[in-house]
Amino acid sequence: MLKRLWEGWKRLAKWIAWFNSLVLCTILYFVLLPLVAIPFRLFKDPLRLDGPAEFVDREEKEASLEDALRQG
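Residues numbered from 1 in each chain as written. Predicted model: local features only at pLDDT ≥ 70, side-chain atom pairs only at ≥ 80, totals over all residues. Heavy atoms only, no water.

## Some words on helix α1 (residues 2-43)
For step 1, the next point in the chain: Its 42 residues give α1 an end-to-end C-alpha distance of 59 Å, which sits within 8% of 62 Å, the value for a rise of 1.5 Å per residue.
For step 2, the next point in the chain: Along its length, α1 shows its largest kink, about 35 degrees, at Pro34. (Helix = DSSP H or I, 4+ residues; strand = E, 2+ residues; numbered from the N terminus. Expected span 1.5 Å × (residues − 1). Bend = angle between axes of the 7 residues up to and from the residue.)

## What about the pattern of salt bridges?
For step 1, the next point in the chain: Using the criterion set out here, one finds two salt bridges in the structure.
For step 2, the next point in the chain: The salt bridge involving Arg70 is made with Asp67; its shortest N-O contact spans 2.3 Å.
For step 3, the next point in the chain: A relative accessible area of 60% places Arg70 in the exposed class.
For step 4, the next point in the chain: On the accessibility criterion, Asp67 (21% relative accessible area) is partly exposed. (Salt bridge = Lys/Arg side-chain N within 4 Å of Asp/Glu carboxyl O. Buried < 20%, exposed > 50% of the residue type's maximum accessible area, 1.4 Å probe, protein only.)

Structural measurements only, silent on function.
In C-alpha coordinates form, the structure reads like this:
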(Lines give C-alpha, C1' and ligand atoms only; values in the text may rest on other atoms or scores of the structure.)
Protein backbone atom coordinates (compact mmCIF):
# COMPACT_ATOMS: atom_id res chain seq x y z
CA MET A 1 0.00 0.00 0.00
CA LEU A 2 2.75 2.45 0.93
CA LYS A 3 4.78 1.62 -2.15
CA ARG A 4 1.78 2.36 -4.38
CA LEU A 5 1.17 5.64 -2.54
CA TRP A 6 4.85 6.54 -2.90
CA GLU A 7 4.82 5.87 -6.66
CA GLY A 8 1.72 8.03 -7.05
CA TRP A 9 3.36 10.82 -5.07
CA LYS A 10 6.46 10.65 -7.28
CA ARG A 11 4.31 11.00 -10.40
CA LEU A 12 2.48 13.96 -8.89
CA ALA A 13 5.73 15.58 -7.72
CA LYS A 14 7.23 15.19 -11.21
CA TRP A 15 4.22 16.95 -12.75
CA ILE A 16 4.38 19.72 -10.12
CA ALA A 17 8.10 20.21 -10.78
CA TRP A 18 7.51 20.40 -14.56
CA PHE A 19 4.70 22.92 -14.13
CA ASN A 20 6.72 24.95 -11.62
CA SER A 21 9.74 25.14 -13.94
CA LEU A 22 7.49 26.17 -16.83
CA VAL A 23 5.96 28.98 -14.78
CA LEU A 24 9.31 30.18 -13.42
CA CYS A 25 11.00 30.17 -16.82
CA THR A 26 8.06 32.02 -18.36
CA ILE A 27 8.15 34.67 -15.63
CA LEU A 28 11.91 35.07 -15.99
CA TYR A 29 11.67 35.41 -19.75
CA PHE A 30 8.77 37.85 -19.95
CA VAL A 31 9.39 39.92 -16.79
CA LEU A 32 13.05 39.93 -15.78
CA LEU A 33 14.60 39.87 -19.24
CA PRO A 34 12.80 43.04 -20.41
CA LEU A 35 13.59 44.76 -17.10
CA VAL A 36 17.27 44.30 -17.89
CA ALA A 37 17.16 44.61 -21.67
CA ILE A 38 15.12 47.80 -22.01
CA PRO A 39 17.44 50.06 -19.96
CA PHE A 40 20.46 48.49 -21.63
CA ARG A 41 18.95 49.17 -25.03
CA LEU A 42 18.07 52.76 -24.14
CA PHE A 43 21.30 53.84 -22.45
CA LYS A 44 24.08 51.82 -24.09
CA ASP A 45 25.67 52.26 -27.47
CA PRO A 46 28.12 49.35 -27.73
CA LEU A 47 29.11 50.20 -31.30
CA ARG A 48 29.44 53.91 -30.47
CA LEU A 49 27.23 54.86 -33.40
CA ASP A 50 25.92 58.11 -31.85
CA GLY A 51 29.27 59.85 -31.36
CA PRO A 52 31.75 61.12 -33.90
CA ALA A 53 33.74 58.56 -35.80
CA GLU A 54 37.16 58.03 -34.29
CA PHE A 55 39.89 56.36 -36.24
CA VAL A 56 43.09 55.02 -34.78
CA ASP A 57 46.20 56.13 -36.57
CA ARG A 58 48.67 53.33 -36.89
CA GLU A 59 52.16 53.55 -38.16
CA GLU A 60 52.76 51.59 -41.30
CA LYS A 61 55.64 49.19 -41.33
CA GLU A 62 56.71 46.47 -43.61
CA ALA A 63 55.33 43.04 -42.85
CA SER A 64 57.82 40.44 -41.76
CA LEU A 65 57.73 36.74 -40.97
CA GLU A 66 58.31 37.49 -37.27
CA ASP A 67 55.21 39.72 -37.18
CA ALA A 68 53.13 37.01 -38.82
CA LEU A 69 54.33 34.37 -36.35
CA ARG A 70 53.63 36.64 -33.37
CA GLN A 71 49.91 37.02 -34.15
CA GLY A 72 48.80 33.83 -32.46
